[in-house]
Amino acid sequence: MNKLATVIRFTFWNRVRAKSFLVTSLIIVLLLSVAINLPHLISAFSGNSGSKEGMTIGILEDRAGYGRALADHLGTGESQSLRGELLSASSEEESETAAKKKLADGTIEGYVSFGAPANGAFPAVTYKSESKLEGRSLYEVQASLEAFQRDWVVRELGLTPKQAEQLKAPLSFHPVTVGDSGEAAPGKTETQEKVSYFLVYVLIILLFMMMTMYGNLIATEITAEKSSRVMEVLISSISPLTQMFGKVIGMLLLGLAQLLVFVAAAAVNLSVPANQEMIASLGISWSDLPLVLVLYLFVFYLTGFFLYATIYAAVGSLVSRTEDLGQATMPLTFLGLASFYIAIFGINNPDAMFIRIMSYVPFFSPNAMFLRIGLSHPAWWEIALSLVLLLASILFFGWMSAKIYRVGVLMYGKRPSWKEVNKALKAYNG
Amino acid sequence: MTTLQLDRVTKQYGDKTAVNAISLEVRQGEIFGLLGGNGAGKTTTMRMVLGLIYPDAGQILWKGKPYRNELRSQMGYLPEERGLYPKIKVSEQILYLAELRGLSRQEADRNLKRWLDRFRVPEYYDKRVEELSKGNQQKIQFIASVIHDPDILILDEAFSGLDPVNVELLKETVLELRGEGKTILFSSHRMDHVEELCENICILHRSNTVLKGSLREIKQSFPKERVLLETDRPVEGLEQIPGVLAVKRKENGTELRIGSDKAARLILETAMQQAAVNRFQVMEPTLNEIFIKKVGDPHE
């Protein structure tokens, strides 16, 4: 136990002190900060230039009078940010030429023209501009036009103001999910759903990132120890098992420490007032953070990490040169990728049969099961079964890996084939 | 007292026999020479002695008992190839290895400083291994194998990569450790080192033991085939003496190969008739010659 602690400490500190680790952590912290601040930065930049000056669009006059009415509608100032300028001329061609000229001058951003009204229906509207309408501007133009259309139709139908008001009233809609057991399990509120969604994303990305990063790190270190022959000295001092699990646990702790740094960086960034507003506007509040879900996040992160890490260790033990490592860990990388994509697919279909099945398959279950817990309502026994299977497979693969490891670390030369490994394993037993 | 006892130990890898029924005994305070060409089974034997792999047949006894975990802190190992972390400071990795062998950090630190002083390189304490020359890395490797004061020491090519001054330094150290009562299993390609250090040897060839026993007895059992002759002026007609197989004239004298003891006397007589003899010696075969005879070229 004492020696296990020694291995863990050595693994941990050597990496913490390594420049590469510091640099990587710093880069990720920077990226994280940028990513968190990006939404309010973008709105700060585009929002200022867009909303203060507003936007002027040209309106071609047409015979039916839609154009003039729209110009009046925009002029009455329901939306000050969008102004309309009526371009009247004797013919449609002429007014279009005038519009194009104004467009070139930059006095208008674009112009709308109304098509011919068919059977009394509202005519099609065309918007022409130099650059593509995007984001907020598109939304604004479209919304203004829709409001105009509604007013027009209301007037045409001759509705009373009260009737018009009723028509405009938005639907009061409250989506709430309920548990399988009906009333007993309180359904998740909308903000809780959002937080769950967020946590599921966090786990999927985290597990994939950390697993690939640290799995490869474990394999690389073991191969390096092997190729520098420190391994022979190490395993003559302690049992290969202690060495392997010490390394895996050391890396696990290192990963957790790094995570802590990331979480701290994220927390600092999120506490910036601008970001607080952003979060509030999304309707998320931290008091909605379901603690049970955070607990599950930890459980599935740790089990998932451990499962992959031990196998990475075994693969690392089979390779004698770091150059061969990439090829050897390829299948594991694919497994990780598969787990990642299964989860990404599952986010939108947490109840799909495929995801249900995957939530019991050890290599995919950390992601798939957590996703179901977060976004759906699996029964307790389903969660328990998934965890039991996961733990059992950790034991099995840990045992397998340990066996491979003991033999692998002493095998040199070319990368051994499975047949050779199998043979060596048998020889070891005898 | 026999510290290390191998009894018909066999190890197979698949269909290939790596070590075939090797038996040897090493007493406390003895340096035992394990010799053999590349791929003869030396490393496999050492790994079995270290408990890294188990024999398929036969048994190994350490201090009269089978393998147990506490042996790990009582054995020291110097692997044939460098076994150090290249990018980690000397002090850090030696202390780590010592801790794994069951030493406390303070004790390990004291021992490390003592050893560095002794090898006259105290400034390496804070250096990274990759900054050191090959010979100095070997010194650090040696320290790694003795830092925990082991009873059983396994040295695989301990002197490789060292200059003559450092070879002497390490040789002295090894002899001193023997004096302290350590049991040492020693392998080398350099037969002169083995001759200087070992009392008993075992020569392996293609997994089999070809020669085993006390070095002196082995040497005596081989015929004396070499005669060294130094005279004040050249001696004629040596080739015609019956029993002389070859004559090699060198700067400092003549070396002759003989087929029988009688030839030696005839050589001396012939020489004395023609010149004053400064030196006449019937040479024992060197270990190098014995090895080549038994195994072929050791540096294949």
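Residues numbered from 1 in each chain as written. Chains lettered and ligands numbered in written order. Predicted model: local features only at pLDDT ≥ 70, side-chain atom pairs only at ≥ 80, totals over all residues. Heavy atoms only, no water.

J.: Teacher, can you tell me more about the sheet that holds strand 4 (residues 125–129) of chain A here?
T.: Two pairing modes exist for strands in a sheet, parallel and antiparallel, and in both the strands are linked by backbone hydrogen bonds. All names here are of chain A. Strand order across the open sheet formed by 4 strands is 2-1-3-4, with mixed pairing between neighbours. In this open sheet, the two edge strands, each paired with only one partner strand, are strand 2 (82–87) and strand 4. The sheet shows a mean angle of 30° between the axes of neighbouring strands, direction not considered. Pairing of strand 1 (residues 55–60) with strand 3 (residues 110–114) involves 3 bridges; the strand directions are parallel. Bridge pairing in strand 3 places Ile57 opposite Gly110. Helix 4 (residues 92–105) rests against strand 1, strand 2, strand 3 and strand 4 of the sheet, and its axis sits at about 160° to strand 3. (Pairing = 2+ DSSP bridges. Helix = DSSP H or I, 4+ residues; strand = E, 2+ residues; numbered from the N terminus. Axes fitted to C-alpha atoms, helices over the stretch in contact; angles between N-to-C directions. Contact = heavy atoms within 4.5 Å.)

J.: Quick question: what am I supposed to make of the packing of helix 14 (residues 365–375) of chain A against helix 15 (residues 380–408) of chain A here?
T.: The axes of two packed helices give the description: the angle between them and the distance between them. Residues and elements named next belong to chain A. The N-to-C vectors of helix 14 and helix 15 enclose an angle of 165°; their axes lie 11 Å apart at closest approach. In terms of orientation, helix 14 and helix 15 fall into the roughly antiparallel class. Every pair of crossing elements has a handedness; the one defined by helix 14 and helix 15 is left-handed. Between helix 14, through Ser365, Pro366, Met369, Arg372 and Ile373, and helix 15, the contact on the second element is made entirely by Glu382, Ile383, Ser386 and Leu390. When grouped by side-chain class, the residues that make up the contact of helix 14 with helix 15 number 5 nonpolar, 2 polar and 2 charged. (Parallel < 35°, antiparallel > 145°, perpendicular 65-115°, else oblique. Left-handed = near helix turned anticlockwise from the far one by under 90°. Nonpolar A, V, L, I, M, F, W, Y, C, P; charged D, E, K, R; others polar.)

J.: It is not clear to me how the domain arrangement of chain B should be interpreted in this structure. Could you clarify?
T.: Interfaces are frequently sized by the accessible area removed from exposure as the parts join. Parsing chain B into structural domains produces domain 1 (2–219) and domain 2 (223–283). Placing a centre on the C-alpha atoms of domain 1 of chain B and another on those of domain 2 of chain B gives a separation of 42 Å. (Domains from an automatic or database assignment.)

J.: Just checking my understanding: could you explain the pairing of strand 8 (residues 200–205) of chain B for this structure?
T.: Regular strands place their side chains on alternate faces of the sheet. All names here are of chain B. Burial analysis of strand 8 places 6 of its 6 residues in the buried class, which makes it a mostly covered element. The side-chain alternation of strand 8 yields two buried faces, one formed by Asn200, Cys202 and Leu204 and the other by Ile201, Ile203 and His205. Sheet analysis places strand 3 (residues 31–36) next to strand 8, joined by 5 bridges and oriented parallel. By the bridge assignment, Gly33 is partnered in strand 8 with Ile201. Two elements, strand 8 and strand 9 (residues 208–214), share 6 bridges in a ladder whose sense is antiparallel. Each residue of the ladder has a partner; that of His205, found in strand 9, is Asn208. The turn linking strand 8 back onto strand 9 is made up of 2 residues, and Arg206 within it adopts a positive phi angle of 45°. (Buried < 20%, exposed > 50% of the residue type's maximum accessible area, 1.4 Å probe, protein only.)

J.: Where do I start with helix 1 (residues 2–17) of chain A in this structure?
T.: Helical geometry note: an α-helix holds 3.6 residues per turn, so side chains three or four residues apart project in the same direction. Helix length check: helix 1 of chain A (16 residues) gives 23 Å between terminal C-alpha atoms against 22 Å at 1.5 Å per residue, within 8%. Within helix 1 of chain A, the full set of buried residues consists of Leu4, Thr6, Val7, Ile8, Phe10, Thr11, Phe12, Asn14 and Arg15 of chain A. (Expected span 1.5 Å × (residues − 1).)

J.: Just checking my understanding: could you explain the pattern of salt bridges for this structure?
T.: Note on pairing: side chains with opposite charge can pair once their charged atoms come close. Considering all chains together, one arrives at 41 salt bridges over all chains under this definition. In this structure, the salt-bridge partner of Glu232 of chain A is Arg229 of chain A, at a minimum N-O distance of 3.8 Å. Residue classification places Glu232 of chain A among the buried positions, given a relative accessible area of 4%. A single salt-bridge network, built from bridges that share partners, covers Glu225, Arg226, Lys250, Glu255, Arg257, Glu289 and Lys293 of chain B. (Salt bridge = Lys/Arg side-chain N within 4 Å of Asp/Glu carboxyl O.)

J.: I'm lost on the pairing of strand 3 of chain A in this one. Help?
T.: Residue and element names in this part refer to chain A. Summarising burial for strand 3: 5 of the 5 residues are buried, a large majority. Side-chain alternation along strand 3 places Gly110, Val112 and Phe114 on one buried face and Tyr111 and Ser113 on a second face that is also buried. Two strands pair when backbone bridges link them, and strand 3 and strand 4 are joined in this way by 5 bridges, in the antiparallel orientation. Residue pairing for strand 4: Tyr111 is matched across the bridge by Lys128.

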